[in-house]
Amino acid sequence: KILCLKDKCAKYGITSSMVREAVENIVFTRAINFLVGVDKDIIDSKILEALISEGIIVENGNTIRLKYDIFEDICFERFIDKKFESCSGNYNIFFTEIEKIGRCIYRRYQIWVSNKLFIQSTREKFIYSLLIDTNIKENWKKETEIGIVKSKEELDKNLKSKEMVKLAVQALEDKKGEDIKV
């Protein structure tokens, strides 16, 4: 609501969907290309004015970026959520879709796992499937394990299934000798 300026769009003669598209364009262009900022010319001038005036983006010369990392986190969370929901349980499709963003997605996926996955009980089946499914690529299993390690507190607080905890711990113990980048 805040990020897309839902209550303030009329003031600038724009819609919240226009703002959302522009914000996502900034976030994903920056992430995919590993840029500090993106050229502000890629954003419509009305939207640019609104985003600057409302403190959503900051300028540095001819480049812009979102003012706070949390804004980018929200965009990536929404993107990953949409891809997860649309995969209908076919997790390889899910991973193929999010990999299209590029190598920056791995860290964002880890954050998604640690911040969101354990909060929603519908995600427990996903974790269980991911850790035991032999059809899922090992790199994605590893990224999930990293997210689990990073969110030990969330795991302790939010996983209801003792079997899930045992499975996650076992998977991590099995990887004990490997170099896991956290």
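Residues numbered from 1 in each chain as written. Predicted model: local features only at pLDDT ≥ 70, side-chain atom pairs only at ≥ 80, totals over all residues. Heavy atoms only, no water.

Caption draft 1: Main features of the overall build of the protein chain. Of regular secondary structure, the protein chain possesses ten helices and three strands. Secondary structure of the protein chain in N-to-C order comes out as α-α-β-α-β-β-α-α-α-α-α-α-α. Looking at the protein chain as a whole, 42% of its 182 residues are labelled buried. As displayed, the protein chain has an accessible area near 10300 Å², and 50% of this comes from carbon and sulfur atoms. (Helix = DSSP H or I, 4+ residues; strand = E, 2+ residues; numbered from the N terminus. Buried < 20%, exposed > 50% of the residue type's maximum accessible area, 1.4 Å probe, protein only. Areas by Shrake-Rupley, 256 points an atom, 1.4 Å probe, with all protein chains shown as cover.)

Caption draft 2: Summary view of the nonpolar core. Counting 41 residues, the largest nonpolar core has Leu-51, Phe-94, Phe-95, Ile-98 and Tyr-109 as its most contacted members. Listed by contribution, the elements that provide at least two residues to this core are helix 1 (9-12), helix 2 (16-32), helix 3 (45-53), strand 3 (63-66), helix 4 (69-86), helix 5 (91-99) and helix 6 (105-117). Here this core takes seven residues from helix 2, the largest share from any one element. Once residues lying within four places of it in the same chain are set aside, the contact partners of Ile-98 are Phe-79, Ile-80, Lys-83, Ile-105, Tyr-109 and Trp-140. (Core = buried A, V, L, I, M, F, W, Y, C linked by side-chain atoms within 4.5 Å. Contact = heavy atoms within 4.5 Å.)

Caption draft 3: Seen up close, the packing of aromatic side chains. One pass over the full model with this rule turns up 14 aromatic pairs. A centroid spacing of 5.3 Å and a plane angle of 55° characterise the contact between Phe-28 and Phe-79, whose relative ring orientation is tilted. Linking Phe-28 in helix 2 with Phe-79 in helix 4, this pair joins segments that are 51 residues apart in sequence. For the residue pair Phe-28 and Phe-79, the accessibility class agrees, reading buried in each case. Seen from their ring centres, Phe-95 and Trp-140 are 4.5 Å apart, and the 15° between their planes marks the pair as stacked. Here Phe-95 is found in helix 5, whereas its partner Trp-140 is found in helix 8 (residues 138-150), with 45 residues between them in sequence. What makes Trp-140 buried here is its relative accessible area of 0%. Site record: aromatic cluster; members linked through ring pairs are Phe-84, Tyr-91, Phe-94, Phe-95, Tyr-106, Tyr-109, Trp-112 and Trp-140. (Phe/Tyr/Trp six-rings, centres within 6.5 Å; stacked < 30°, edge-to-face > 60°.)

Caption draft 4: Seen up close, the environment of Glu-99. Here Glu-99 is to be found in helix 5. For Glu-99, a relative accessible area of 22% puts it in the partly exposed group. Separated by ten residues in the primary sequence, Glu-99 and Tyr-109 have C-alpha atoms spaced 9.9 Å apart. Excluding residues within four positions of it along the chain, Glu-99 makes contact with Ile-105, Tyr-106, Lys-137, Asn-139 and Trp-140.

Caption draft 5: Examining the packing of helix 4 against helix 5 more closely. Axis separation between helix 4 and helix 5 bottoms out at 9 Å; the angle between their running directions is 145°. Viewed along their axes, helix 4 and helix 5 form a crossing whose handedness is right-handed. Between helix 4, through Phe-79, Ile-80, Lys-83 and Phe-84, and helix 5, the contact on the second element is made entirely by Tyr-91, Phe-94, Glu-97 and Ile-98. Counted by class, the contact of helix 4 with helix 5 contains six nonpolar, no polar and two charged residues. (Axes fitted to C-alpha atoms, helices over the stretch in contact; angles between N-to-C directions. Left-handed = near helix turned anticlockwise from the far one by under 90°. Nonpolar A, V, L, I, M, F, W, Y, C, P; charged D, E, K, R; others polar.)

Caption draft 6: Here's a closer look at the sheet that holds strand 1 (residues 38-39). The antiparallel open sheet is built from three strands, whose spatial order is 1-3-2. Edge positions in the sheet fall to strand 1 and strand 2 (57-60), since each of these pairs with one other strand and no more. Where strand 1 and strand 3 come together, two bridges link them in antiparallel fashion. Bridging across to strand 3, Asp-39 finds its partner in Thr-63. Taken strand by strand, helix 2 contacts strand 1, strand 2 and strand 3, and its axis lies near 100° from that of strand 3. (Pairing = 2+ DSSP bridges.)

Caption draft 7: Representation of a nonpolar patch on the surface within the structure. Nonpolar side chains collect at one region of the surface, where Tyr-68, Ile-70 and Ile-74 lie side by side and expose about 290 Å² of accessible area between them. Tracing the backbone through its elements, the reader meets Ile-74 in helix 4. Judged by its relative accessible area of 42%, Ile-74 falls in the partly exposed class. (Patch = residues over 30% accessible without salt bridge, like charges linked within 9 Å, V, L, I, M, F, W, Y side chains within 5 Å. Salt bridge = Lys/Arg side-chain N within 4 Å of Asp/Glu carboxyl O.)

Read these as spatial facts, not as claims about activity.
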